[in-house]
Amino acid sequence: MELQRPFSPRLARARAESASPDAWNGLPGRLPGPVQDLAQDATLSDAELVRRSLSGQDDPFAALVARYQKRAFWIAFHVVGRAEDARDIVQEAFVRLYRSLDRFDYARSFYTWFYRIVMNLAIDHLRKRKGAPASSLDELGAALPDGREGEATEQLERAEQHQLVWSVLERLDAKFRAVLVLRDIHGLSCREIAPILKITHATARWRLHRGRQVFREHWERGLDAASGRHEPGARHHAGAGASR
């Protein structure tokens with residue numbers, strides 16, 4: 001099967017979003033009442049939950065986990081491409097978060113600080129793995145919430161759509177993939193991405209531009225892992241000769 005539609009960031013995001021039927025920012029189910037109340041309270045900032053956690057209360061930290069675990073999972077998953085690895089990364093991210101709460105800078109954004117932890121772990125994992133295969137349809141299906149029998153075909157289609165995006169993303173160097181995931185899939189601005197990745201705003205914009213170029217090149221070749229076609233040419237990585 002050939003992909004006839006031209007690449008666009010909006011198309012990439014739409015394809016990736018179709019793999020996650022629940023909202024990325026939604027709360028997980030079956031939370032204890034006090035934790036759910038804290039997590040849903042819009043008048044309680046993340047910084048206030050950090051303060052309460054540092055005072056020795058358990059529920060505020062659980063509320064922080066509830067607020068961010070879904071989004072953190074999908075960010076990690078879109079970087080590393082394997083559900084089990086993404087779960088491990090998120091678990092380790094929350095462990096590191098808990099251990100470093102006393103170093104939180106209240107003048108800065110909590111989500112920027114936390115997503116930096118997630119992204120660092122995801123990129124480190126990606127570099128150590130060096131080309132291990134990305135998630136299969138079965139693995140992605142296991143990562144999605146269980147649905148009714150009538151939704152089975154729809155979930156499979158979502159999984160296939162995700163693999164189309166992932167088959168392109170996995171060809172990008174980690175530093176370009178990270179920016180594309182945060183910008184074109186999760187909708188963060190380059191000004192938000194820069195502190196998460198500890199780079200300048202200009203570097204974030206350059207990596208986004210270059211990453212989109214290489215993504216487009218692969219997308220327009222009509223990559224389709226499910227078709228079993230022989231992969232054309234040698235594996236190309238963005239970043240060859242790039243120093244930013």
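Residues numbered from 1 in each chain as written. Predicted model: local features only at pLDDT ≥ 70, side-chain atom pairs only at ≥ 80, totals over all residues. Heavy atoms only, no water.

(A) Representation of the overall build of the chain within the structure. Regarding its fold elements, the chain presents 11 helices and zero strands. Listed by position from the N terminus, the elements making up the chain come as α-α-α-α-α-α-α-α-α-α-α. In the chain, buried positions account for 48% of the 244 residues. Partitioning the intrachain contacts of the chain with sequence separation of at least 6 by distance along the chain shows that 72% fall at a separation of at least 24. Here the chain has roughly 12800 Å² of accessible surface; of this, 46% comes from carbon and sulfur atoms. (Helix = DSSP H or I, 4+ residues; strand = E, 2+ residues; numbered from the N terminus. Buried < 20%, exposed > 50% of the residue type's maximum accessible area, 1.4 Å probe, protein only. Contact = heavy atoms within 4.5 Å. Areas by Shrake-Rupley, 256 points an atom, 1.4 Å probe, with all protein chains shown as cover.)

(B) The packing of helix α10 (residues 190-197) against helix α11 (residues 201-219), seen in detail. Running from N to C, α10 and α11 cross one another at 105°; their axes reach a closest spacing of 8 Å. Viewed along their axes, α10 and α11 adopt a mutual orientation that is roughly perpendicular. The residues of α11 that touch α10, namely those facing Cys190, Arg191 and Ala194, are His201, Ala204, Arg205 and Leu208. The residue inventory of the contact of α10 with α11, partitioned by class, reads four nonpolar, one polar and two charged. (Axes fitted to C-alpha atoms, helices over the stretch in contact; angles between N-to-C directions. Parallel < 35°, antiparallel > 145°, perpendicular 65-115°, else oblique. Nonpolar A, V, L, I, M, F, W, Y, C, P; charged D, E, K, R; others polar.)

(C) Summary view of the packing of aromatic side chains. Taken as a whole and assessed by the stated rule, the structure comprises 16 aromatic pairs. Ring centres of tryptophan 74 and phenylalanine 77 lie 5.6 Å apart, and the angle between their planes is 90°; on these two criteria the pair is classed as edge-to-face. Of the two residues, tryptophan 74 and phenylalanine 77 are both situated in helix α4 (residues 59-80); the distance of three residues between them amounts to about one turn of the helix. Residue tryptophan 74 shares its accessibility class with phenylalanine 77, and that shared class is buried. Among the aromatic residues, ring-to-ring pairing joins Tyr68, Phe94, Phe104, Tyr106, Phe110, Tyr111, Trp113, Phe114 and Tyr115 into one connected group. (Phe/Tyr/Trp six-rings, centres within 6.5 Å; stacked < 30°, edge-to-face > 60°.)

(D) A look at the nonpolar core. Formed by 66 residues in total, the largest nonpolar core has its most connected members in Leu97, Phe110, Phe114, Met119, Leu169 and Leu197. Those residues in contact with methionine 119, other than ones at most four positions away along the chain, are Ile75, Val79, Ala178, Leu182, Ile196 and Leu197. (Core = buried A, V, L, I, M, F, W, Y, C linked by side-chain atoms within 4.5 Å.)

(E) Representation of the packing of helix α3 (residues 46-54) against α4 in the model. One can describe the packing of α3 onto α4 by two numbers: an axis separation of 8 Å at closest approach and a directional angle of 145°. Where α3 approaches α4, its residues Asp46, Leu49, Val50, Arg52 and Ser53 are matched on the opposing element by Pro60, Phe61, Ala63, Leu64, Arg67 and Tyr68. Partitioned by chemical class, the residues of the contact of α3 with α4 number seven nonpolar, one polar and three charged.

(F) Molecular detail of the confidence of the model for the chain. Counting all residues, the mean pLDDT for the chain is 75, and 64% of those residues have values of 70 or more. Ranking the elements of the chain by mean pLDDT puts helix α7 (residues 137-143) last, at 42, and α3 first, at 95. Counted against residues more than four places away or in other chains, residues 1-7, with its pLDDT under 50, gives 21 contacts. Low confidence marks residues 229-241, where pLDDT is under 50. Its contacts with residues over four positions away, or in another chain, come to 18 contacts. (pLDDT = per-residue confidence, 0-100.)

(G) Structural detail: the pattern of salt bridges. By the definition in use, this model includes eight salt bridges. Across the salt bridge formed by arginine 87 and glutamate 84, the nearest N and O atoms sit 3.1 Å from each other. One end of the pair is arginine 87 and the other is glutamate 84, both in helix α5 (residues 83-99) and three residues apart, which spans about a single turn. Its relative accessible area of 35% is what places arginine 87 among the partly exposed residues. By relative accessible area, which is 43% here, glutamate 84 ends up partly exposed. Between arginine 96 and glutamate 92 there is a salt bridge, with its nearest N and O atoms 2.9 Å apart. A residue pair is termed a helical-turn pair when its members lie 3 or 4 positions apart in one helix, as arginine 96 and glutamate 92 do in helix α5 at four residues. Here the salt bridges do not stand alone but share partners, grouping Glu48, Arg51 and Arg52 into one network. (Salt bridge = Lys/Arg side-chain N within 4 Å of Asp/Glu carboxyl O.)

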